Amino acid sequence: STSGDRHQERPLREFGDKGLFVKEIEEALLDGRADAAVHSLKDVPGELSEGLVLAATPERADPRDVLISRFPDGLAALPEGAVVATSSLRRRGQLLRLRPDLRIVDVRGNVDTRIRKVRDGEFDAMILAAAGVLRLGLEDEIAEIIPTDEMIPAATQGILAIETPVDSPFEEIWKALDDPFVRTAAEAEREFVRAIGADCHTPAACFCSPARDETELLRLVAMVCMPDGSRYLSADITCRFCDAVGTARAAADDLLAQGAREIIEAARAFRP
């Protein structure tokens, strides 16, 4: 039970960074209370605590975002001025770029609690990560799975990370759980976040997938936007798997040259 679990009424940004919760879990690894920790990789800071390593990244769950709604059909069918809940500036900015008429509000709580708030009419709809909804067996609650061409996922969304001490006696188990393509995608997506200077509160996104009809190529899409959707910078690059990390760095450099740093700084001052 971390600080975030105990104080779900507080907005995440008040804690400073989700990395705080990861650090609390890492303490259990470092003092021997746990052999491994399982994280949502998108919550794990770029730099791990000394003595720890990401030992495995298993097969990726659905990386997309989903719409939970009181109305039938998808995002385009929401009535004008509908109230949509999300605590993510990334989702907020991309939503308002697609539907500037929407009213976006913050939300906290676990997945069940959030979905219940839609059912109870507190919100008209909300955006959640598909992976969490599907893992809980709540696929019937989904009104639409939003295509990645409409809403680019957060870097490493849908990827679990198994973190262990560097001298773990269970190394063979972790190797058996590791997916080489997922690890490559994760390294590239995390490199984009590092290179562009983003954190978990930045309206930035990066997603790697196999290039269509090409077994040796990878497609990397990335974006940075204003939380109100008024500015949107993006990159869409195809590369070889072995060049994924360098390509992510190049994508970040391209967006920085277009003015991404100014957007990121403005977003940090944003208050909904």
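Up top you'll find the structure we're talking about.
Reading the values: the criteria
Residues numbered from 1 in each chain as written. Predicted model: local features only at pLDDT ≥ 70, side-chain atom pairs only at ≥ 80, totals over all residues. Heavy atoms only, no water. Helix = DSSP H or I, 4+ residues; strand = E, 2+ residues; numbered from the N terminus. Buried < 20%, exposed > 50% of the residue type's maximum accessible area, 1.4 Å probe, protein only. Contact = heavy atoms within 4.5 Å. Areas by Shrake-Rupley, 256 points an atom, 1.4 Å probe, with all protein chains shown as cover. Lys, Arg positive; Asp, Glu negative; His and termini not counted. Charge placed at Lys NZ, Arg CZ, Asp CG, Glu CD. Axes fitted to C-alpha atoms, helices over the stretch in contact; angles between N-to-C directions. Parallel < 35°, antiparallel > 145°, perpendicular 65-115°, else oblique. Left-handed = near helix turned anticlockwise from the far one by under 90°. Nonpolar A, V, L, I, M, F, W, Y, C, P; charged D, E, K, R; others polar. Phe/Tyr/Trp six-rings, centres within 6.5 Å; stacked < 30°, edge-to-face > 60°. Lys NZ or Arg CZ within 6 Å of the ring centre and 35° of its normal. Pairing = 2+ DSSP bridges.

Examining the overall build of the protein
What the protein contains, in helices and strands, is nine helices and 11 strands. Among the 272 residues that make up the protein, the fraction classed as buried is 49%. Expressed as a percentage of contacts within the protein between residues at least 6 apart in sequence, the contacts between residues at least 24 apart total 66%. Summed over its atoms, the accessible surface of the protein is roughly 13,000 Å², and 48% of this surface lies on carbon and sulfur atoms. Charge centroids of the protein, computed over 34 positive and 49 negative side chains, lie 4 Å from each other.

As for the packing of helix 7 (residues 180-196) against helix 8 (residues 244-257)
Relative placement of two packed helices is described by the angle separating their axes and the distance separating the axes. Contact geometry of helix 7 with helix 8 gives a least axis separation of 8 Å together with a crossing angle of 30 degrees. In terms of orientation, helix 7 and helix 8 fall into the roughly parallel class. For the pair helix 7 and helix 8, the crossing hand works out as right-handed. On the side of helix 7, the interface is formed by Thr184, Glu187, Ala188, Glu191, Phe192, Ala195 and Ile196, while helix 8 contributes Ala244, Val245, Ala248, Arg249, Ala251, Ala252, Leu255 and Leu256. Each residue belonging to the contact of helix 7 with helix 8 can be placed in one class, and the counts come to 11 nonpolar, one polar and three charged.

Remarks on the packing of aromatic side chains
Per the counting criterion, the structure on display carries two aromatic pairs. Ring centres of Phe170 and Trp174 lie 6.4 Å apart, and the angle between their planes is 75 degrees; on these two criteria the pair is classed as edge-to-face. What makes Phe170 partly exposed here is its relative accessible area of 33%. Overall, the relative accessible area of 12% leaves Trp174 in the buried class. One residue, Arg97, lies across the ring of Tyr232, its end atom 3.7 Å from the ring centre.

Brief notes about the environment of Arg116
As for its position among the elements, Arg116 is in helix 4 (residues 111-119). Residue class for Arg116 comes out partly exposed when judged on its relative accessible area of 40%. With 82 residues separating them along the chain, Arg116 and Ala34 place their C-alpha atoms 33 Å apart.

Regarding the sheet that holds strand 10 (residues 217-225)
Spatial strand order, 9-10-11: three strands in an open sheet with antiparallel pairing. The open sheet terminates on both sides in strands that have one partner only, identified here as strand 9 (204-210) and strand 11 (232-240). Going across the sheet, the axis of each strand differs from the next one's by a mean of 15 degrees, ignoring polarity. Of the pairings in the sheet, the one linking strand 9 to strand 10 comprises seven bridges and is antiparallel in character. The residue bridging Ala205 from the neighbouring strand is Met223, located in strand 10. The strands touched by helix 3 (residues 89-98) are strand 9, strand 10 and strand 11; relative to strand 10, the strand with the most contacts, the crossing angle is about 85 degrees. Helix-sheet contacts for helix 7 involve strand 9 and strand 10, and the interaxial angle to strand 9 is about 155 degrees.

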